[in-house]
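# Examination of the molecular architecture
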4 protein chains.
Amino acid sequence: MDLENLRESVYRANLELKESGLVLFTFGNVSGVDRERAVLVIKPSGVPYEELSPDTMVCVSLESGKVIDSELNPSSDTPTHLELYRTFPRCGGIVHTHSEYATACAQARMPVRCMGTTHADYFFGDIPVTREMSSAETTADYEQNTGLVITETFKNLNPEEIPAVLVANHGPFVWGPTPGQAVHHAVIVEYLAKMELYTRQLNPDAPRPPQHLIEKHYLRKHGDNAYYGQRNV
Amino acid sequence: MDLENLRESVYRANLELKESGLVLFTFGNVSGVDRERAVLVIKPSGVPYEELSPDTMVCVSLESGKVIDSELNPSSDTPTHLELYRTFPRCGGIVHTHSEYATACAQARMPVRCMGTTHADYFFGDIPVTREMSSAETTADYEQNTGLVITETFKNLNPEEIPAVLVANHGPFVWGPTPGQAVHHAVIVEYLAKMELYTRQLNPDAPRPPQHLIEKHYLRKHGDNAYYGQRNV
Amino acid sequence: MDLENLRESVYRANLELKESGLVLFTFGNVSGVDRERAVLVIKPSGVPYEELSPDTMVCVSLESGKVIDSELNPSSDTPTHLELYRTFPRCGGIVHTHSEYATACAQARMPVRCMGTTHADYFFGDIPVTREMSSAETTADYEQNTGLVITETFKNLNPEEIPAVLVANHGPFVWGPTPGQAVHHAVIVEYLAKMELYTRQLNPDAPRPPQHLIEKHYLRKHGDNAYYGQRNV
Amino acid sequence: MDLENLRESVYRANLELKESGLVLFTFGNVSGVDRERAVLVIKPSGVPYEELSPDTMVCVSLESGKVIDSELNPSSDTPTHLELYRTFPRCGGIVHTHSEYATACAQARMPVRCMGTTHADYFFGDIPVTREMSSAETTADYEQNTGLVITETFKNLNPEEIPAVLVANHGPFVWGPTPGQAVHHAVIVEYLAKMELYTRQLNPDAPRPPQHLIEKHYLRKHGDNAYYGQRNV
């Protein structure tokens, strides 16, 4: 994929994010990565979605974090994206939103628990919440430290099996193999967070689903023995 | 009804399901049955609703469960539909969704209680939740066993009077005399599940409506003495 | 107003009800009254809103309750409307819905309390819930008895100051000087019921607003000293 | 800015308010101020949004509170707006709504707490609730006293850092440097009030975010060291 294609695909994923209803005003951003060229491409900071075009997407070096060939500032969350691309080797696209239900979970510091098959079709376990950041972490290099606190949360988790996190008192970061799939996952995260709230309201003591049900559904759609969709035709 | 008509009606019911707002992405599926030919017709697995056409609907033998004359995989939930058609003799169409409120009830393992006339106009009693499936039931023939756990739930219930169920930690299966009416019922189930949540939030100890009120409303619309609508004109 | 005008205004109020989002499928109905001719005009029973026209509106005698000059059945709730027109002399239009939040209040048997100025701008006190109907009241003349249990609820209330009620385990009946204003009030009732739920969730022990605030807002918009709007220009 | 421009900008802000979904029917109003000419311009009272035009916006003297050159009544809340413009010297536009979640917070007498970065991006602390007004304050000069109870609430708060308030049992008043930005803030207030409700439902005991996180986000977007958006390019 050459850089023009990546700009185009990041641009389109940003539009899909807007159309999904997950973002208000200029909230949120989507990025994509080109690992061969060692760059990410991301939405410019604070620009309304209506004014975006593939050309306004900002290219940033994965190594130096510096803007390449653009007059616009990249999203202020760019250092967070950089940290995730560096640590999660198969991550191809990242979305950040302040979507209502997922952000409320982040504010309540409650994970989105895996309470059913809708969740297990996409995420092989709870969507975790990061720990609170320290004053030192917030004062300097805040956005990079946000990335580090996310990767710390995944020390014992597989970011391909659980491609999302809630940053405490902030909101969700969600990823996937491509920018478009990251947006798709962000929509699912919001849907699951909404159902998590309703489930808790209906029955705070509802039992967890058995692990065999979660495995069945996750593996029905992922891995070598998946049989959902048209892949076996 | 010849098979082309059934394909057309199942296709249109799938579109209505999409337009109803009950399904996200490729979630959900609708099927219909032709009992004379002993086949069901169902949505193909994992295909976006926008790409469907009557021709892409998949025909499956009621007896063998095998695909007839199609290159697409049927919905992975097909064995569940098969089991319901086999056991519920007047069921003509089935819908499965992960609609938000009904799925939250399934995750909370709380039935949608019959708390008012809106419910009693359609369902003559609570919409039940299935028991948890065992590891053995999940590991092999999972989708067929989902159907069996549903029919077990209806051992002492009339599936024509209560044409819906919540599969624990999964979501609703809803049926009716035709695919279109099954979709109609699925919309009602979501509406009732939403009001069930609100009712519980307002007053967890609210009394049940008297049985005579439930009977009055159900029988106003169903059976020989129904007087709702234009049927008596 | 001649009868054609009333048919037209009831027809248009039914369309407004549909557009307001308060009703699903064929749920709900609006009627209007012509007190000189002693008739009401109401939506036909079970007909989809898209198929309505002024001509399909059904005319019913206020005295005998019999259909005049129509081949369609009137709404099955017609005897309830009749009873309200007979007892509330200034009521010019009536709406019945199963709108989500107001119906949930009816199911929870919780009045929509007057908790703020939005409420007091329209309703001079709580929107009450009827008592449970007896088996005898439900078995025979159910719809008329629904009207009687409503008027009983207003024995010590002014139906012009509080033009709405929640029928227990059923849903709201709402009225006003005209069919259009009754629909307007039905939209407000749903809005207030929604905020009543949120208010209870945020703070179940929230104090009532002082009576002087309720009076101020109600009388700012109603009665001889009203000063809201353009009436004094 | 001459007066025609102000009328135009207040008119457009009123339309944006309507399009935002925050207001029902004729609820709500937006005003703007011209401090050189010592006038405010505001929506006329009780006129549907569809019938507004720049010419129908009503001009009122900041000093006398009298209408200048208009045949329409200004919004009945005009004396509240006047009081805020007099006391908050940098306030350029004011919005009043009865938006659902913010009004529910006002009815519950619960501030919208600063529980995360979405809030801190716009408001440097909780959005407060006014005290209950006395009978004397309500009986005479009610709307002006509403303004006074708001400014009393801000005795120790900076109205530029927290450009919104919830009037107890009434609803939000929100402001900003221009009428358009006041509407923007009103949309954010409703979004935050919604998340505040969800956060409380998920975890009533959720800890507050650390102060350094709130400062980081507020100062990332406001003041001399702001680095969000394109201002540094």
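Here is what the cut-offs are and how they apply
- Residues numbered from 1 in each chain as written.
- Chains lettered and ligands numbered in written order.
- Predicted model: local features only at pLDDT ≥ 70, side-chain atom pairs only at ≥ 80, totals over all residues.
- Heavy atoms only, no water.
- Helix = DSSP H or I, 4+ residues; strand = E, 2+ residues; numbered from the N terminus.
- Rg over C-alpha atoms; globule rule 2.2 N^0.38 Å.
- Buried < 20%, exposed > 50% of the residue type's maximum accessible area, 1.4 Å probe, protein only.
- Contact = heavy atoms within 4.5 Å.
- Areas by Shrake-Rupley, 256 points an atom, 1.4 Å probe, with all protein chains shown as cover.
- Buried area = accessible area lost by both parts, 1.4 Å probe.
- Salt bridge = Lys/Arg side-chain N within 4 Å of Asp/Glu carboxyl O.
- Polar contact = N/O pair within 3.5 Å; in protein donor to acceptor, adjacent residues only side chain to side chain.
- Nonpolar A, V, L, I, M, F, W, Y, C, P; charged D, E, K, R; others polar.
- Least-squares fit on C-alpha atoms with pLDDT ≥ 70 in both.
- Expected span 1.5 Å × (residues − 1).
- Axes fitted to C-alpha atoms, helices over the stretch in contact; angles between N-to-C directions.
- Parallel < 35°, antiparallel > 145°, perpendicular 65-115°, else oblique.
- Left-handed = near helix turned anticlockwise from the far one by under 90°.
- Pairing = 2+ DSSP bridges.
- pLDDT = per-residue confidence, 0-100.

## Structural notes on the overall build of chain A
Check the secondary structure of chain A and you find eight helices and seven strands. What you see for chain A is a C-alpha radius of gyration of 18 Å, in line with the 17 Å of a compact globule of 233 residues. In terms of overall dimensions, chain A has C-alpha extents of about 55 × 50 × 35 Å along its principal axes. By the burial criterion, 64% of the 233 residues in chain A qualify as buried. A sequence separation of at least 24 residues applies to 64% of the contacts in chain A between residues at least 6 apart. Of the accessible surface of chain A, which amounts to about 8,700 Å², a share of 48% is contributed by carbon and sulfur atoms.

## A word on the interface of chain C and chain D
If you look at the interface, chain C gives 33 residues, while chain D gives 39 residues. Each partner contributes to the roughly 3,200 Å² buried at the junction of chain C and chain D, and carbon and sulfur atoms together form 57% of this total. Of all residues in chain C, Tyr191(C), Leu202(C) and Gln230(C) give up the largest surface area on contact with chain D, accounting jointly for 21% of the area buried on that side. Scanning the region where chain C abuts chain D turns up three salt bridges. We note a salt bridge from Asp77(D) to Arg220(C), for which the minimum N-O separation is 3.6 Å. In this structure, the connection of chain C to chain D is made through 19 residue pairs in polar contact (both at pLDDT 80 or more). For the side of chain C that touches chain D, the secondary structure elements donating two or more residues are α4 (117-120), α7 (179-202) and α8 (211-221) of chain C. At ten residues, the largest contribution of residues to the side of chain C that touches chain D is made by α7(C). By residue class, the composition of the side of chain C that touches chain D is 16 nonpolar, twelve polar and five charged.

## Some remarks on the relation of the copies chain A and chain D
Each copy of the sequence occupies a distinct position, and chain A is placed on chain D by a rotation of 90° and an axial shift of 0.0 Å, giving an RMSD of 0.0 Å. Here the two chains are linked by the operation of a four-fold rotation axis. Of every C-alpha in chain A, the one belonging to Gln201(A) sits nearest the axis of rotation, 5.3 Å from it.

## Comments concerning the interface of chain A and chain D
Often, the extent of an interface is quoted as the loss of accessible area upon association of its parts. Counting residues at the interface gives 39 residues for chain A, matched by 33 residues for chain D. Together chain A and chain D conceal approximately 3,200 Å² of surface at their shared face, both sides included; 57% is due to carbon and sulfur atoms. Counting across the interface, chain A meets chain D through three salt bridges. The salt bridge involving Glu100(A) is made with Lys194(D); its shortest N-O contact spans 3.0 Å. Taken together, the links from chain A to chain D amount to 19 residue pairs in polar contact (both at pLDDT 80 or more). Contributions of two or more residues to the side of chain A that touches chain D are made by α3 (100-108), α5 (135-139), α6 (142-153) and α7 (179-202) of chain A. Here the side of chain A that touches chain D takes seven residues from α3(A), the largest share from any one element. Considering only residue class, the side of chain A that touches chain D consists of 16 nonpolar, 16 polar and seven charged.

## Some remarks on helix α1 (residues 3-19) of chain D
All names here are of chain D. With 17 residues, α1 extends 24 Å between its outermost C-alpha atoms, agreeing within 8% with the 24 Å of an ideal straight helix rising 1.5 Å per residue. Those residues of α1 that fall on the buried side of the exposure criterion are Leu6, Arg7, Ser9, Val10, Tyr11, Ala13, Asn14 and Leu17. Residues of α1 that are buried sit in contact with β1 (29-34), β2 (39-42), β3 (58-61), β5 (93-96) and α7 (179-202). Among the residues of α1, the N-terminal cap falls to Asp2, whose side-chain oxygen and the backbone nitrogen of Glu4 are separated by 3.1 Å. Phi turns positive, to about 85°, at Gly21, one or two residues after α1.

## Quick word on the packing of α1(D) against α7(D)
Residues and elements named next belong to chain D. Two numbers describe how α1 lies on α7: the axes approach to 8 Å, and their chain directions differ by 15°. The angle between the axes of α1 and α7 places the two elements in the roughly parallel class. Between α1 and α7 lies a crossing of right-handed hand. Here Ser9, Val10, Ala13, Glu16 and Leu17 of α1 come into contact with α7, specifically with Pro179, Gly180 and Val183. For the contact of α1 with α7, the class distribution of residues is five nonpolar, two polar and one charged.

## Concerning the sheet that holds strand β7 (residues 171-176) of chain C
Residue and element names in this part refer to chain C. Taken in spatial order, the seven strands of this open sheet run β4-β3-β2-β1-β5-β7-β6, and their pairing is antiparallel. Bordering the open sheet on either side are β4 (67-68) and β6 (164-167), each of which pairs with just one other strand. As defined by bridge partners, strand β1 (residues 29-34) adjoins strand β5 (residues 93-96) across four bridges and the pair is classed as antiparallel. Looking at the pairing, Ser31 lines up with Ile94 of β5. The sheet strands contacting helix α6 (residues 142-153) are β6 and β7, and the helix crosses β6 at an angle near 125°.

## Some thoughts on the pattern of salt bridges
The full count for this structure, using the stated rule, is 56 salt bridges over all chains. One salt bridge connects Asp34(C) with Arg37(C), and the closest N-O pair in it is separated by 3.1 Å. When salt bridges that share partners are traced, they join Asp77(A), Glu143(A) and Arg220(D) into one network.

## Details of the relation of the copies chain C and chain D
Superposing chain C onto chain D takes a rotation of 90° plus a shift of 0.0 Å along the axis, which leaves an RMSD of 0.0 Å. The overlap is low: 3% of the interface residues of chain C also sit at the interface in chain D, so different surfaces are used on the two sides.

## Comments concerning the confidence of the model for chain A
Overall, the predicted model of chain A reaches an average pLDDT of 96, with 98% of residues at or above 70. Across the interfaces of the predicted complex, the ipTM metric reaches 0.96, alongside a pTM of 0.97.

## Section: the side chain of Asn14(C)
Residues and elements named next belong to chain C. Relative to the assigned elements, Asn14 resides in helix α1 (residues 3-19). Separated by 3.1 Å, the side chain of Asn14 and the backbone nitrogen of Val30 make a polar contact. Beyond its immediate stretch of four places on either side in the chain, Asn14 contacts Asn29, Val30, Lys43, Tyr49, Leu52 and Met57.

## Brief notes about the sheet that holds β2(D)
Residues and elements named next belong to chain D. An order of β4-β3-β2-β1-β5-β7-β6 is seen for the seven strands of this open sheet, with the pairing classed as antiparallel. The open sheet is flanked by β4 (67-68) and β6 (164-167), the only strands paired with a single partner. Lying over the sheet, helix α6 (residues 142-153) contacts β6 and β7 (171-176), oriented at roughly 125° with respect to β6. In this fold α7 packs onto β1, β5, β6 and β7, with an angle of close to 140° to the strand it touches most, β7.

## Some thoughts on unusual backbone geometry
Phi is positive for Phe25(C), which is not a glycine, with a value near 50°. Note on placement: Phe25(C) falls in the loop between α1 and β1. One non-glycine residue, Arg109(D), lies in the positive phi region at around 55°. By secondary structure assignment, the location of Arg109(D) is in the loop between α3 (100-108) and α4 (117-120). When its relative accessible area of 22% is taken as the criterion, Arg109(D) is described as partly exposed.

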